[in-house]
Amino acid sequence: MDEVLLRFTKWDGREHWLAPLRRLGIDDHGVWLGGPAGTVFTRPEVVAYEATGPLVMLVPPGRAWVARFYGEGHRHDTRVYVDMATPAVWSASGDEVTMVDLDLDVVRTRDARVYVDDEDEFAEHRVRFGYPREVVRMAEASRDAVLAAVRAEQAPFVPAVWEPWLGQVT
């Protein structure tokens, strides 16, 4: 399995999160990346976050979101975490994928609570960074569609889709 550098930036170009993940494969939903317990996510000026359990990430082509799915062993109760972001851009070599984090997140917890996180951050950043109107519309439309799909337990946000990928992470 090839290593892929996951690179999230913010609208102003500054680094947000970096993580080395492994390419697990591709299906109809997109490219699946994985990280075992101990995978380190780094962020400038913040202590690195070390995953306490396995996770997989789905990078869908042409979509304005990227999703993380968490296995057992994580310190938090999150099961599904979907970042609204600009569509992913892959490097020519395929060993790096970059997207701009647009603050809005859809979260599903282990006890099946589903909610939108960071709406306040989105409101602040859309003014501070001057998100173009079409980017705001894209982020809000993606949030609405993802929220509905997560609530309705539609693919790819159901364990039957992502757990087999998680099983490949060691």
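Above this text you will find the structure in question.
Throughout, a residue's number is its position along its own chain's written sequence, starting from 1. Per-residue local features of the predicted model are confined to residues with pLDDT of at least 70, and side-chain atom pairs are confined, for both listing and counting, to 80 or more; whole-chain, interface and lining totals are unaffected and use all residues. Excluding hydrogens and water, the side-chain values take into account all heavy atoms of the structure.

**Overview of the overall build of the protein**
No. 1: Secondary structure elements follow DSSP: runs of H or I no shorter than four residues count as helices, runs of E no shorter than two count as strands, and numbering proceeds from the N terminus. If you tally the helices and strands in the protein, you get three helices and eleven strands.
No. 2: Traced from its N-terminal end to its C-terminal end, the protein shows the element sequence β-β-β-β-β-β-β-β-β-β-β-α-α-α.
No. 3: The size measure is the radius of gyration over C-alpha atoms, and the globule rule it meets is 2.2 Å times the number of residues to the 0.38 power. A compact globule built from 170 residues should have a C-alpha radius of gyration of about 15 Å, and the protein, at 15 Å, falls within 12% of that.
No. 4: Projected onto its principal axes, the C-alpha positions of the protein cover 40 × 35 × 30 Å.
No. 5: Accessibility here uses a 1.4 Å probe with only protein chains present; expressed as a share of the type maximum, an area under 20% marks a residue as buried, one over 50% as exposed, and anything in between as partly exposed. Here the protein, with 170 residues, has 47% of them falling under the buried criterion.
No. 6: Whether two residues touch is decided by their heavy atoms; if any such pair falls within 4.5 Å, the residues are in contact. Contacts in the protein between residues at least 24 apart in sequence constitute 49% of all its contacts with a sequence separation of at least 6.
No. 7: In this charge count, Lys and Arg are treated as positive and Asp and Glu as negative; neither His nor the chain ends contribute. The atom standing in for a charge is NZ when the residue is Lys, CZ when it is Arg, CG when it is Asp and CD when it is Glu. One way to put it: in the protein the 19 positive side-chain charges average out to a point 2 Å from where the 28 negative ones average out.

**Here's the deal with the layout of surface pockets**
Any empty space left between atoms is shown by rolling a water-sized probe over those atoms.
No. 1: As a volume, the largest pocket reaches approximately 420 Å³.
No. 2: Buriedness of a pocket was judged along seven lines, with at least five required to meet protein on both sides within 12 Å; pockets are open sets of points on a 1 Å grid over the protein atoms alone, cavities are sets where a 1.4 Å probe fits but cannot get out, and lining residues have an atom within 4 Å of a point. The wall of the largest pocket is formed by 21 residues, among which His16, Trp17, Arg68, Tyr81 and Asp83 lie closest to the centre.
No. 3: Of all the secondary-structure elements, those providing two or more residues to the lining of the largest pocket are strand E1 (3–9), strand E2 (15–27), strand E4 (40–43), strand E7 (65–70), strand E8 (78–85) and strand E10 (96–109).
No. 4: Grid points are joined across faces, edges and corners, and a volume is the space filled by probe spheres set on the points. Considering only enclosed or pocket space, the second largest pocket measures out at about 220 Å³ in volume.
No. 5: If you trace the second largest pocket, you find 15 residues lining it, with Pro60, Arg63, Trp65, Ala155 and Pro156 closest to the centre.
No. 6: With four residues, the top contributor of residues to the lining of the second largest pocket is helix H2 (residues 133–151).

**So, the environment of Ala123**
No. 1: Position of Ala123 among the secondary structure elements: in helix H1 (residues 119–128).
No. 2: Separated by 20 residues in sequence, Ala123 and Asp103 place their C-alpha atoms 8.9 Å apart.

**Observations concerning the pattern of salt bridges**
No. 1: When a carboxyl oxygen of Asp or Glu lies within 4 Å of a side-chain nitrogen of Lys or Arg, that pair is called a salt bridge. Going through the model one piece at a time under the given rule, you end up with 18 salt bridges.
No. 2: Ionic pairing is found between Lys10 and Asp103, a salt bridge with its closest N-O pair at 2.5 Å. Placement of Lys10 in the loop between E1 and E2 and of Asp103 in strand E10 is noted, with a sequence separation of 93 residues between them. When sorted by exposure, Lys10 lands in the same class as Asp103, which is buried.

**Quick look at the packing of H1 against H2**
Angle between the axes and distance between the axes: these two values describe a pair of packed helices.
No. 1: Here an axis means a line fitted to C-alpha atoms, over the contact stretch when the element is a helix, while the angle between two N-to-C directions is reported on a 0 to 180 degree scale. Between H1 and H2, whose axes approach to 12 Å, the crossing angle comes to 170 degrees. When the axes of H1 and H2 are compared, the pair comes out roughly antiparallel. Counted together, Glu119, Phe122 and Arg126 of H1 and Val136, Ala139, Glu140 and Arg143 of H2 form the full contact between these two elements.
No. 2: Residues are grouped as follows: nonpolar covers Ala, Val, Leu, Ile, Met, Phe, Trp, Tyr, Cys and Pro; charged covers Asp, Glu, Lys and Arg; every other residue, Gly included, is treated as polar. Across the contact of H1 with H2, the residue classes tally to three nonpolar, no polar and four charged. An angle below 35 degrees is treated as roughly parallel, one above 145 as roughly antiparallel, one from 65 to 115 as roughly perpendicular, and anything else as oblique.

**Observations concerning the pairing of strand E3 (residues 30–35)**
No. 1: The buried fraction of E3 amounts to six of the six residues, a majority that puts the element mostly inside the structure.
No. 2: Taken together, the five bridges between E2 and E3 define a ladder with antiparallel strand orientation. Across the sheet, residue Gly25 finds its bridge partner in E3, namely Trp32.
No. 3: Whether two strands pair comes down to DSSP finding at least two bridges between them. Judged from the five bridges that link them, E3 and strand E6 (residues 55–59) form a sheet pairing that is antiparallel. In the sheet register, Gly34 faces E6, and the bridge partner there is Val56.

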